[in-house]
Amino acid sequence: HRAEEMLADSLRNTYTGFQLFSRISAVASETGYHTKAMEYSQKSLSIARMINSPACVATSLNEIAFLEEKAGNQGSIKHYEQAAFIRKKIGDFRALASVYVNITRWYFNSLHDGPATLYLDSLETLMEGRDWPVINPIFIGTKLPFTKGKLTTKMHLKAKGNILN
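Cut-offs applied
- Throughout, a residue's number is its position along its own chain's written sequence, starting from 1.
- Under the rules for a predicted model, residues below a pLDDT of 70 receive no local features and side-chain atom pairs below 80 are neither given nor counted, while totals for whole chains, interfaces and linings still include all residues.
- With hydrogens and water stripped out, all remaining heavy atoms of the structure feed into the side-chain values.
- Salt-bridge detection follows one rule: a side-chain nitrogen of Lys or Arg within 4 Å of a carboxyl oxygen of Asp or Glu.
- Helix and strand definitions here come from DSSP, where helices need a minimum of 4 consecutive H or I residues and strands a minimum of 2 consecutive E residues; each element is numbered from the N-terminal end.
- When a residue's accessible area, from a 1.4 Å probe over protein chains only, is under 20% of the maximum for its type it is buried; when over 50% it is exposed; and in between it is partly exposed.
- Aromatic pairs are defined between Phe, Tyr and Trp rings, using the six-membered ring for Trp, whenever the two ring centres lie within 6.5 Å; interplanar angles under 30 degrees are classed as stacked, those over 60 as edge-to-face, and all others as tilted.
- Distance and angle both matter: a charge sits over a ring if NZ of Lys or CZ of Arg is within 6 Å of the ring centre and within 35 degrees of the ring normal.

## Considering the pattern of salt bridges
All chains considered together, the criterion is met by four salt bridges. One salt bridge connects Glu39 with Lys43, and the closest N-O pair in it is separated by 3.6 Å. Highlighted residues: Glu39 and Lys43, both in helix H3 (residues 34-50), separated by four residues, approximately one helical turn. By relative accessible area, which is 32% here, Glu39 ends up partly exposed. For Glu69, the salt bridge is made with Arg105, and the minimal N-O distance between the two is 2.6 Å. Of the two residues, Glu69 is situated in helix H4 (residues 54-70) and Arg105 in helix H6 (residues 93-109); the sequence distance between them amounts to 36 residues. Each member of the pair Glu69 and Arg105 is classed as buried.

Structure below.
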């Protein structure tokens, strides 16, 4: 515990500290330590705000939302939407697409098909003409991985516009 405190003190207010705490959070989450993961995500968010990095703040908000979603917290959408707002504002459309994937999944899993299709349509518009391998597989094949079998292809998902406008 003392080593952790010394490390935290030496990295406080640095981009390296943000990266370290963000990664520790991800590892803790992947290994089932939800409380520790949230603790480190909160630390990374605090550092992101201290170093005044909107991109890092958005990353932390997205991580926190994901942890909250895994825990069944319906309020996680608020953090996803804050992350999306920041990503859109700073013009980081690749990262915005990733947040939109999370928001779409959240709405589908919460049985809110209207907003889910709106975000999915926006995601499709955002990705048009781009080759983003981490995102593109969502649209390949016959099923979207997070729709619980409700939808089979993107062609069934045309909403009346999108949220990018």
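## Section: the packing of aromatic side chains
Within this structure, the stated rule accounts for five aromatic pairs. Note on Tyr100 and Tyr119: the rings are 5.3 Å apart at their centroids and 80 degrees apart in plane angle, and the pair reads as edge-to-face. With Tyr100 in helix H6 and Tyr119 in helix H7 (residues 113-127), this pair connects stretches of sequence that are 19 residues apart. The burial state of Tyr100 is the same as that of Tyr119; both residues are buried. Connected via pairs of aromatic rings, a cluster forms that spans Tyr100, Trp106, Tyr107 and Tyr119. Here Lys43 stacks its cationic end above the ring of Phe21, 5.6 Å away from the centre of that ring.

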